[in-house]
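# Notes for the structure review
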Amino acid sequence: MFNNPYRYLFVVCLGLYSWINTSFVQTFEYYGIQANRFSQVLGFLLVCLLVWEGNRFLEVLLKKYVFKKYPKLYPVPVFFAISHLIALTSGIVVYFFITNWVLHGVEHNRMIALKLTVLFSFRINLFLHCINAIVYYLNRFQQKQVEAEELRRINTQAELQAIRNQVNPHFLFNNLNVLSTLIMQKNHDANQFIEAFSSVYRYILKNRDNEAVLLKTELEFIEPYIYLLKTRFGNALDVVLEIPSPVPDVYILPAALQLLLENVIKHNIISTALPLHVKLFINGEGCLVVENNLQEKPIKPDSTEFGLYNINQRYRLLSGKEIKIDKTELHFSVAIPLLKVNDFKTNELRTG
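Below or above, wherever it landed, is the structure these notes cover. (Residues numbered from 1 in each chain as written. Predicted model: local features only at pLDDT ≥ 70, side-chain atom pairs only at ≥ 80, totals over all residues. Heavy atoms only, no water.)

## Structural notes on the nonpolar core
Grouped together as the largest cluster of nonpolar side chains are 50 residues, with contacts concentrated most on Ile 252, Leu 257, Leu 261, Val 278 and Ile 336. Residues in contact with Ile 252, not counting those within four places in the same chain, are Ala 212, Val 213, Leu 214, Leu 215, Glu 218, Leu 257, Leu 288, Tyr 315 and Ile 336. The next biggest cluster of nonpolar side chains, apart from the first, holds 23 residues, and it includes Leu 14, Val 41, Val 47 and Phe 120. (Core = buried A, V, L, I, M, F, W, Y, C linked by side-chain atoms within 4.5 Å. Buried < 20%, exposed > 50% of the residue type's maximum accessible area, 1.4 Å probe, protein only. Contact = heavy atoms within 4.5 Å.)

Given below as structure tokens:
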């Protein structure tokens, strides 16, 4: 605040305002100070100027030699405490200047005049530091808001990219292996598999920049994806969709169901002897649930559990809602919120 380009205008306004208030209550008459108006106004202006400029110089020194060396210090209280020396010095300097040069030879109570000048200097210093504290913390608050918004944007982009990087390479590799086997066997299902495969990737590419899609659109994508999984695992995998018709006009994160199904497959044993049963349905709380019988792999795959975490973070940023995870000895389920338009925090939502 003390480096404000209009500081001299503020000094003049503050000095005049202080003089008017002091004159209104007849302070000079009450204490018997024999000073004309010119010396009174000049004294107030000089005190304001010296206190302001002294604090401006002190602020530069503290930033350069103290706060930089000891970053854990609280700048505002430390600055205010040391500034009392500036206020005391300013009051004494102005008193002797006015007394010896402007009011030379005028009789008055010197001790009272000195005390009043120093007192006014301290009051001006206190007022300026109150304003400085408000400006400082307001700037810090605005800076934190900007940083938080930028961090949220970066995190959202990074989390979305992490999800894509996590899902797509495994998905591509596994399905190319299945496709290679089908072609080598000269199976007529190879063409149908390729169509489903291209449909899934077309959906991913089309909606990769969208923050949400209609549930109906997501279900149209998940059907060919389930076909790819069924072709890969055969009777060892059973996926059932229990979605009411017509599908409600609600939104979901794009490719969220793909990630949840991949998460189920990654962490559970899938074999003809131990088939994995997965069910997708809408519960009574307005959530889409992906539930499976729990048969965890004895050796857990290398996973940082970023998949579910990222989905949850994206839901929190978009709508303030969170996913719900339920795990028992027999079942594991993830419930993801189905969103309506007024659930979203942002007015610039990108949907597909």
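## Digging into the side chain of Asn 125
Relative to the assigned elements, Asn 125 resides in helix H5 (residues 110-184). Polar side-chain contacts of Asn 125 include one of 3.0 Å to the side chain of Ser 83. Not counting residues up to four positions away in its chain, the partners in contact with Asn 125 are Val 51, Asn 55, Phe 80, Ser 83, His 84 and Ala 87. (Helix = DSSP H or I, 4+ residues; strand = E, 2+ residues; numbered from the N terminus. Polar contact = N/O pair within 3.5 Å; in protein donor to acceptor, adjacent residues only side chain to side chain.)

## A few points about the environment of Asn 293
With respect to the secondary-structure elements, Asn 293 resides in strand S5 (residues 287-293). Each C-alpha atom, one on Asn 293 and one on Asn 268, is 8.9 Å from the other, the two residues being 25 residues apart in sequence. Excluding anything up to four places from it in sequence, Asn 293 contacts Asn 268, Pro 275, Leu 276, His 277, Leu 330 and His 331. A polar side-chain atom of Asn 293 sits 2.7 Å from the main-chain amide nitrogen of His 277. A distance of 3.2 Å separates polar atoms of two side chains, one belonging to Asn 293 and the other to Gln 295.

## What to know about unusual backbone geometry
With an omega of 0 degrees, the peptide bond between Ser 245 and Pro 246 qualifies as cis. In this fold, Pro 246 is placed in the loop between strand S2 (237-242) and strand S3 (251-252). Phi at Ala 255 is positive, roughly 65 degrees, even though this residue is not glycine.

## Considering helix H8 (residues 256-267)
The end-to-end C-alpha distance of H8, which contains twelve residues, comes to 17 Å, matching closely the 16 Å that a straight helix rising 1.5 Å per residue would cover. Among the twelve residues that make up H8, ten are buried, leaving the element largely enclosed by the rest of the structure. Taken residue by residue, H8 has Ala 256, Leu 257, Gln 258, Leu 259, Leu 260, Leu 261, Glu 262, Asn 263, Val 264 and Ile 265 as its buried positions. (Expected span 1.5 Å × (residues − 1).)

## So, the sheet that holds strand S7 (residues 331-337)
Strand order in the open sheet formed by five strands is S2-S4-S5-S7-S6, with mixed pairing between adjacent strands. The open sheet is flanked by S2 and strand S6 (324-327), the only strands paired with a single partner. The sheet shows a mean angle of 15 degrees between the axes of neighbouring strands, direction not considered. Note that S2 and strand S4 (residues 276-282) share six bridges and pair parallel. Bridge pairing in S4 places Val 239 opposite Val 278. The strands touched by helix H7 (residues 215-233) are S2, S4 and S5; relative to S2, the strand with the most contacts, the crossing angle is about 165 degrees. Along the sheet face, H8 touches S2, S4, S5 and S7 and points at about 15 degrees away from the line of S5. (Pairing = 2+ DSSP bridges. Axes fitted to C-alpha atoms, helices over the stretch in contact; angles between N-to-C directions.)

## Some words on helix H1 (residues 7-24)
Over its 18 residues, H1 extends 26 Å from the first C-alpha to the last, a length consistent with the 26 Å expected when each residue adds 1.5 Å. Taken residue by residue, H1 has Arg 7, Val 11, Leu 14, Gly 15, Ser 18, Trp 19 and Thr 22 as its buried positions. Around the axis of H1, the buried residues are gathered within 130 degrees of arc, so they sit on the same side. Opposite the buried face of H1, by more than 90 degrees, sit the exposed residues Leu 9, Tyr 17, Ile 20 and Phe 24. Where H1 ends, the next residue or the one after it, Gln 26, has phi of about 55 degrees, a positive value. (Arc of directions from axis to C-beta.)

## Some thoughts on the pattern of salt bridges
Tallying each qualifying case throughout the model produces six salt bridges. Note that Glu 53 is salt-bridged to Arg 56, the shortest N-O span being 2.7 Å. Of the two residues, Glu 53 and Arg 56 are both situated in helix H3 (residues 37-66); the distance of three residues between them amounts to about one turn of the helix. For Arg 56, a relative accessible area of 22% corresponds to the partly exposed category. Its salt-bridge partner being Glu 296, residue Lys 327 comes within 3.1 Å of it at the nearest N-O pair. One end of the pair, Lys 327, is in strand S6; the other, Glu 296, is in the loop between S5 and helix H9 (306-319), with 31 residues separating them in the sequence. What makes Lys 327 partly exposed here is its relative accessible area of 47%. (Salt bridge = Lys/Arg side-chain N within 4 Å of Asp/Glu carboxyl O.)

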